[in-house]
Amino acid sequence: SMSRSMFHSRSAIEAGDLVIVYMSRDNLTAITITPGEVLHNKYGRYTHDDLIGQKFGTKILYLPDISYITMRLGIRVGGKVIEAGTGSGSMTHSLSRTIGPTGQVYSFEYHEPRYEKALEEFKSHGLENVRLQHRNVCKDGFGDVADVEAVFLDLPAPWEAIPHAMKTLRPDVITKICCFSPCLEQVLKTVSTLRAEGFAEISTQEVLIRTHELVVPNDQDHLNSVSSIVEKLKTHEKRKTDRRAIQMKIARNKARRQNEADASPTAEAGSKRKLEDKPDDLMDPVNGLAHEEGENAEEGSATQDPSSWIDPTTQYDSVVLTKPTPDMKGHTSYLTFASFYPAAIRDAIMAQENPKSAIA
Ligand code: SAM
């Protein structure tokens, strides 16, 4: 996002302008727009020429949340989707791109100046598949909009819009909703409304911003060749297999000891039969059960010592390339997702959960 410089009253960025580039809460950069120059940082490569003509305040990087929401909502080429409110129009642009020319985005904004600004911007950016309406969706619903497959609500009281949104859902497919809320009180109201309206698979996720630091090992060999990485993976896989074999052996020993414990002196014959009845896959393929007489037999050999596998100092030759910084950098929101099933599926589920009422 770019902030307006205090020295100008123009709305679009020009060469020579001082622009504050907001990458994240703790990453702000001031640049003087110079044709031909490039701003390069860990988020990407931004040519100043691309910024010229953009409006101050434009969001050009908001994609991690948007792409995740788009994926979870199952938005596809040719799809129909509702969005409220429009706000900066950043989500609208992404939705418009995702559904393509054969799809339709219905966007709603009740704040008049914001609506006017978005309308102008969508027109100048050629977002022909977006229909923007000036409307309070909590009070007045979504009008004549019908047959949408996904609804994205980014407004303060989504629970007031949910009952209206229900009426717009396409009845013959599983439809999806996502509500974006900054605080948990809103989430609780949203979740209980979704439940009351018959939504399924309701789940909430907290979206956290974590900075991952790139850790470059001192030993550059770790990174240099594909074959060295393949070798390491092979070693790792082999250790996993070995470990599994040992765990199986321990399980077998346990089973054997259990059998021995079950064999009270008066029921010795029965216990022997039980031991012999053990399925083959519980028998040690090489040595059978015979070689491990005595309580602590499996501890006799180092490779059989389970603690050698649990020991935290065990080395796995792994290469750590990134690690999250230990403190939480930010919280953007809670995302609540839910699905709405076609009536036939809802009836079938209900019948399964409550067979008596289905018969009646
Ligand atoms: N997702 C947007 C984006 O990508 O920029 C941001 C949306 S912003 C957080 C919330 C917007 O919803 C505001 O512009 C606000 O005016 C609008 N809004 C709030 N309640 C509304 C309602 N009941 N009907 C329509 N729009 C509403």
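Novice: Just to check I follow, could you spell out the overall build of the protein for this structure?
Specialist: If you tally the helices and strands in the protein, you get 13 helices and 14 strands. Put simply, of all contacts in the protein between residues at least 6 apart along the chain, 65% involve residues at least 24 apart. Accessible surface, the protein as shown: approximately 21,900 Å² in total, 56% of it carbon and sulfur.

Novice: So what exactly am I meant to see when it comes to the packing of helix 6 (residues 158-166) against helix 7 (residues 184-196) here?
Specialist: Helix packing for two helices is described by the angle between their axes and how far apart those axes are. Two elements in contact, helix 6 and helix 7, have axes whose closest approach is 8 Å; the angle formed by their N-to-C orientations is 20°. With respect to their mutual orientation, helix 6 and helix 7 come out roughly parallel. Where helix 6 crosses over helix 7, the handedness of that crossing is right-handed. Contact residues: Pro158, Trp159, Ile162 and Pro163 in helix 6; Gln186, Lys189, Thr190, Thr193 and Leu194 in helix 7.

Novice: What am I meant to see in the site of the ligand here?
Specialist: By nearness alone, 19 residues border the ligand, and Ser88, Glu109, Arg114, Asn136 and Asp154 come closest of all. Here a nitrogen atom of the ligand sits 2.8 Å away from a polar atom, N or O, in the side chain of Asn136. Compared with its free state, where it exposes 610 Å², the ligand has 85% of that area covered by protein. Elements supplying a minimum of two residues to the shell around the ligand: helix 3 (90-99), strand 7 (104-109) and helix 5 (137-140). For the shell around the ligand, a count of residues per class yields 7 nonpolar, 8 polar and 4 charged.

Novice: Hey, could you run me through the side chain of Ser339 in this one?
Specialist: Within the fold, Ser339 resides in strand 14 (residues 330-340). A polar contact is formed between the side chain of Ser339 and the side chain of Glu201, at a distance of 2.6 Å.

Novice: Help me out: how do you make sense of the nonpolar core in this one?
Specialist: Across soluble globular proteins, nonpolar side chains have a tendency to be buried as a group. Membership of the largest hydrophobic core comes to 23 residues, with the highest contact counts inside it found for Ile82, Phe108, Phe142, Val151, Leu153, Ile177 and Phe199. Elements with a contribution of two residues or more to this core: strand 6 (80-84), strand 7, helix 5, strand 9 (150-153), helix 6, strand 10 (175-181) and strand 14. No other element matches the 4 residues that helix 6 contributes to this core. Not counting residues within four places of it along the chain, the set of residues in contact with Val151 comprises Leu73, Ile82, Ala165, Thr168, Leu169, Lys176, Ile177 and Cys178. Listed in part, the 22 residues of the second largest apolar core include Ile66, Met91, Val105 and Phe122.

Novice: Would you take a moment to explain unusual backbone geometry for this structure?
Specialist: Most peptide bonds take the trans configuration, and most residues that are not glycine carry a negative phi. Of the consecutive residues Ala84 and Gly85, the connecting peptide bond is found in the cis state with omega at -10°. As for its position among the elements, Gly85 is in the loop between strand 6 and helix 3. The backbone phi angle of Asp147 is positive, close to 60°, even though this residue is not glycine. By the element assignment, Asp147 lies in the loop between helix 5 and strand 9. Positive phi, normally seen in glycine, also occurs at Glu201, with a value near 50°.

Novice: How should the packing of aromatic side chains be read in this particular structure?
Specialist: Aromatic ring pairs are defined here through the distance separating the ring centres and the angle between the ring planes. Applying the stated criterion to the full structure yields 4 aromatic pairs. Relative to Phe180, the ring of Phe152 has its centre 6.3 Å away and its plane inclined at 80°; by these criteria the two rings are edge-to-face. Taken together, the residues Phe152 in strand 9 and Phe180 in strand 10 connect sequence positions 28 residues apart. Phe180 carries the same exposure label as Phe152, and that label is buried. Between Arg72 and the ring centre of Phe337, over which it is positioned, the NZ or CZ distance is 4.2 Å.

Novice: What exactly am I supposed to notice about helix 3 here?
Specialist: Residue pairs three or four apart in sequence face the same way in an α-helix, which turns once every 3.6 residues. Taken across its 10 residues, helix 3 has 8 buried, putting it largely inside the fold. Along helix 3, the residues classified as buried are Ser90, Met91, Thr92, His93, Ser94, Leu95, Ser96 and Ile99. One or two steps after helix 3, the chain reaches Gly100, where phi turns positive at roughly 70°.

Novice: Quick question: what am I supposed to make of a nonpolar patch on the surface here?
Specialist: A cluster of nonpolar side chains, Leu18, Ile20, Tyr22 and Leu28, forms an exposed patch at the surface whose accessible area comes to about 330 Å². Element by element, the count of residues in the nonpolar patch is highest for strand 2 (residues 18-24), at 3 residues. Residue Tyr22 is classed as partly exposed on the basis of its relative accessible area, which comes to 37%.

Novice: What exactly am I supposed to notice about helix 6 here?
Specialist: All of the buried residues in helix 6 are Pro158, Trp159, Ala161, Ile162, Ala165 and Met166. With its buried residues spanning 150° around the axis, helix 6 presents them on a single face.

Novice: How do you make sense of the pairing of strand 8 (residues 130-134) when you look at a structure like this?
Specialist: Note on strand geometry: in a regular strand, side chains alternate between the two faces of the sheet. For strand 7 and strand 8, the ladder comprises 5 bridges, and the chain directions are parallel. Bridging across to strand 8, Phe108 finds its partner in Gln133. Crossover handedness for the path strand 7 to helix 4 (residues 112-124) to strand 8: right-handed.

Novice: How do you make sense of the environment of Phe152 when you look at a structure like this?
Specialist: Residue Phe152 is classed as buried on the basis of its relative accessible area, which comes to 3%. Separated by 83 residues in the primary sequence, Phe152 and Ile69 place their C-alpha atoms 8.5 Å from one another. In contact with Phe152, other than residues within four places in its own chain, are Ile69, Leu73, Ile82, Glu83, Ala84, Met91, Cys178 and Phe180.

Criteria and thresholds
- Residues numbered from 1 in each chain as written.
- Predicted model: local features only at pLDDT ≥ 70, side-chain atom pairs only at ≥ 80, totals over all residues.
- Heavy atoms only, no water.
- Helix = DSSP H or I, 4+ residues; strand = E, 2+ residues; numbered from the N terminus.
- Contact = heavy atoms within 4.5 Å.
- Areas by Shrake-Rupley, 256 points an atom, 1.4 Å probe, with all protein chains shown as cover.
- Axes fitted to C-alpha atoms, helices over the stretch in contact; angles between N-to-C directions.
- Parallel < 35°, antiparallel > 145°, perpendicular 65-115°, else oblique.
- Left-handed = near helix turned anticlockwise from the far one by under 90°.
- Near = heavy atom within 4 Å.
- Polar contact = N/O pair within 3.5 Å; in protein donor to acceptor, adjacent residues only side chain to side chain.
- Nonpolar A, V, L, I, M, F, W, Y, C, P; charged D, E, K, R; others polar.
- Core = buried A, V, L, I, M, F, W, Y, C linked by side-chain atoms within 4.5 Å.
- Buried < 20%, exposed > 50% of the residue type's maximum accessible area, 1.4 Å probe, protein only.
- Phe/Tyr/Trp six-rings, centres within 6.5 Å; stacked < 30°, edge-to-face > 60°.
- Lys NZ or Arg CZ within 6 Å of the ring centre and 35° of its normal.
- Patch = residues over 30% accessible without salt bridge, like charges linked within 9 Å, V, L, I, M, F, W, Y side chains within 5 Å.
- Salt bridge = Lys/Arg side-chain N within 4 Å of Asp/Glu carboxyl O.
- Arc of directions from axis to C-beta.
- Pairing = 2+ DSSP bridges.
- Right-handed = clockwise from strand over helix to strand, strands pointing away.

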